[in-house]
Amino acid sequence: MGTTASHWWRKPGWVLVVVIALAAGLWACKDKGPVIDHTPEAWRADCQQDSILIVVRSKEDSTVYNTVTAEDMPLVERIANLPEYHDCQRFVVRPPRAAGAVTERELRFGPLVAIWAADSLGVLFPGDQPGQSLALPVAIIHNFDPTPYQPLGLEPGFSCLYIWHEGGVQRHWSARIVPLGPSPSPCQEARDPGALAGGTLTVQTAELPPDVGPADIPWVARFDWDSVQQEQYIGIRCGDQWCEIGNGHFMPSRSALATGTNAAGLKLALGTSFAATAFGSKSEQVRVVGIKGWYDQQRLDMRDQNGNLVITNIVGTVIPHPTLASAKFSDSFWTPVAFINVTDEYHGKKLLLHKGLSTVYMCKGTGEKCGVPPQPSACPTEPANQTPPGETPTPWWSKIVSDQGVVAYNCVIRRTHGGKAMPAAAARWHWSELDATTWVACREGCCTVN
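Being a predicted model, the structure only gives us computed values, none of them experimental.

## Section: the pairing of strand 7 (residues 157–165)
- Of all 9 residues that make up strand 7, 9 are buried, and the element is covered over most of its length.
- Pairing between strand 6 (residues 136–143) and strand 7: 7 bridges, direction antiparallel. Looking at strand 7, one finds that His 142 is bridged to Phe 158.
- Two strands pair when backbone bridges link them, and strand 7 and strand 8 (residues 173–181) are joined in this way by 8 bridges, in the antiparallel orientation. Across the sheet, residue Ser 159 finds its bridge partner in strand 8, namely Pro 179.

Here's what the structure looks like:
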């Protein structure tokens, strides 16, 4: 997958037919030039990233709409519709004009931001190359809101994330986010760092835990949270390391393994309750909690009694099952796919998560064959074009089992990967302004709770 770093940016982009209908909205702007439509209600309700269409409205003629789709992002190309590689969420921000740190209760939601990892992350910066100084684009970012996110220099619209190093054994990484406006182009060519607009960001590399190596680092991008500076930052694979990119002297979060406070991480790392044969090798167990990018962690959202979106003090961590990449998903069989750890009871519209650790299972088949109790409404059937030849389209289900043995059943929507390989069977939160759900790999596809 991907090409070598010496010529990958010269290859033509793949055409991906990836479309999601987004509602048009109005946003007044006093600046000249095209205006980005910042009210895509479908995206805000379901930030799915496996189908991408962003509407750009011309200020001169509000009836004219240009569309930006995955085919306009050749940097991302083949993995554009694989949401486990990317990330999308509302950033957590301090109140306006707040000086210094604020209490947890004062934090609020800010701009909705998406990041798409480059298709070739796994082959960029191969080994140490003394003297190399070209900056390579590693991700495309889109800020859907009309206000910038100052800590990262994220302007409204698209931006391109570049990283580079000077070579040598002890690499010193640098990064810069270059604003692009209403178009994701250009974000494909190698550039001279001195010619890039924007301010230089700080890059820190995460230390890998024992029993894992560079081959265990996933080819993904994630948003992370500096609880000291109370700012968002970016995590992404860079060569044979995991790079964390933020503003000034930011403080990266500790991994789920390092904190020693995550129930799922402790159980997987110490093997206190899991059979080794069912949970893969030691490296497979350690990497899903010890290397950021395999798992995802964020503050969860809720709707208050007035229907307003509010931030909670509940931190949720979703971790893929160590052997998720090799899961067979046999019909009418419950396959463990992930673990969810929440710091308090979470009562969403779709999900009820009990404090502590829960295990997520999935089953493909009729409700009767999977043993699912009668549901208040019918679950969607897997589309025929996403079903392997010779098989009958059937529903998918999830079963979430808490440490206390409480079981909750939900419908699942599966979206095909089109036969594309998944070198990183990672898991992440599926941002939704209606509820918090998850993305996990499922039989050459992505599954999320409906």
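## Notes on the state of the cysteines
- The tally for this structure, following the rule as stated, stands at 4 disulfides.
- The disulfide partner of Cys 160 is Cys 187, and the gap between their sulfur atoms is 2.0 Å. Given an S-S torsion of about 70°, the disulfide between Cys 160 and Cys 187 has right-handed geometry. Of this pair, Cys 160 sits in strand 7 while Cys 187 sits in the loop between strand 8 and strand 9 (200–205); the two residues are 27 residues apart in sequence, bridging distant segments of the chain. This pair shows no difference in class: Cys 160 is buried, exactly as Cys 187 is.
- A sulfur-sulfur separation of 2.0 Å characterises the disulfide bridge that pairs Cys 442 with Cys 447. The sign of the S-S torsion, about 90°, decides the handedness of the disulfide formed by Cys 442 and Cys 447: right-handed. The same class applies to Cys 442 and to Cys 447, which are both buried.
- Free cysteine Cys 446: the closest other cysteine sulfur is in Cys 442, separated by 6.8 Å.
- On the basis of relative accessible area, Cys 446 is assigned to the buried category, the value being 0%.

## Looking at the layout of surface pockets
- Volume-wise, the largest pocket comes out at about 530 Å³.
- Trp 225, Ser 227, Ser 253, Gln 297 and Val 315 are, among the 28 residues lining the largest pocket, the residues nearest its centre.
- Secondary-structure elements contributing two or more residues to the lining of the largest pocket are strand 4 (87–93), strand 10 (221–226), helix 2 (256–259), strand 13 (296–303) and strand 14 (309–320).
- A total of 4 residues in the lining of the largest pocket trace back to one element, the largest contributor, which is strand 10.

## Some points on the pattern of salt bridges
- Going through the model one piece at a time under the given rule, you end up with 8 salt bridges.
- For the salt bridge of Lys 292 with Asp 224, the shortest nitrogen-to-oxygen distance reads 3.7 Å. You can see Lys 292 sitting in the loop between helix 4 (282–290) and strand 13 and its partner Asp 224 sitting in strand 10, a full 68 residues away along the chain.
- Ionic pairing is found between Lys 292 and Glu 244, a salt bridge with its closest N-O pair at 2.6 Å. In this pair, Lys 292 sits in the loop between helix 4 and strand 13 while Glu 244 sits in strand 12 (residues 241–246), placing the two residues 48 residues apart along the sequence. Both residues of the pair, Lys 292 and Glu 244, belong to the buried class.

## Looking at unusual backbone geometry
- The residue after Ser 185, namely Pro 186, is reached through a cis peptide bond having omega 0°.
- Phi at Glu 77 takes a positive value of approximately 30°, unusual for a residue other than glycine.
- Relative to the assigned elements, Glu 77 resides in the loop between strand 3 (65–69) and strand 4.
- A positive phi angle, near 75°, is found at Asp 211, a position not held by glycine.
- Within the element layout of this structure, Asp 211 appears in the loop between strand 9 and strand 10.

About the cut-offs
Per chain, residues are indexed from 1 in the order of the written sequence. Whole-chain, interface and lining totals are the exception, using all residues; otherwise, since this is a predicted model, local features are given only for residues with pLDDT of at least 70 and side-chain atom pairs are given and counted only at 80 or more. Values shown for side chains rest on all heavy atoms present in the structure; no hydrogens or waters enter the calculation. When accessible area is computed with a 1.4 Å probe and restricted to protein chains, residues below 20% of their type maximum are described as buried, those above 50% as exposed, and intermediate ones as partly exposed. Only runs of H or I of at least four residues qualify as helices and only runs of E of at least two qualify as strands under DSSP, and these elements are numbered from the N terminus. Two strands are said to pair when DSSP picks up at least two bridges between them. Whenever a pair of cysteine sulfur atoms sits within 2.5 Å, that pair is classed as a disulfide. Residues are called lining when one of their atoms sits within 4 Å of a cavity or pocket point, these points coming from a 1 Å grid over the protein atoms alone, where a cavity is a set in which a 1.4 Å probe fits but cannot get out and a pocket is an open set with protein on both sides within 12 Å along at least five of seven lines. Grid points are joined across faces, edges and corners, and a volume is the space filled by probe spheres set on the points. Within this document, salt bridges are pairs made up of a side-chain nitrogen of Lys or Arg and a carboxyl oxygen of Asp or Glu, the two lying within 4 Å of each other.

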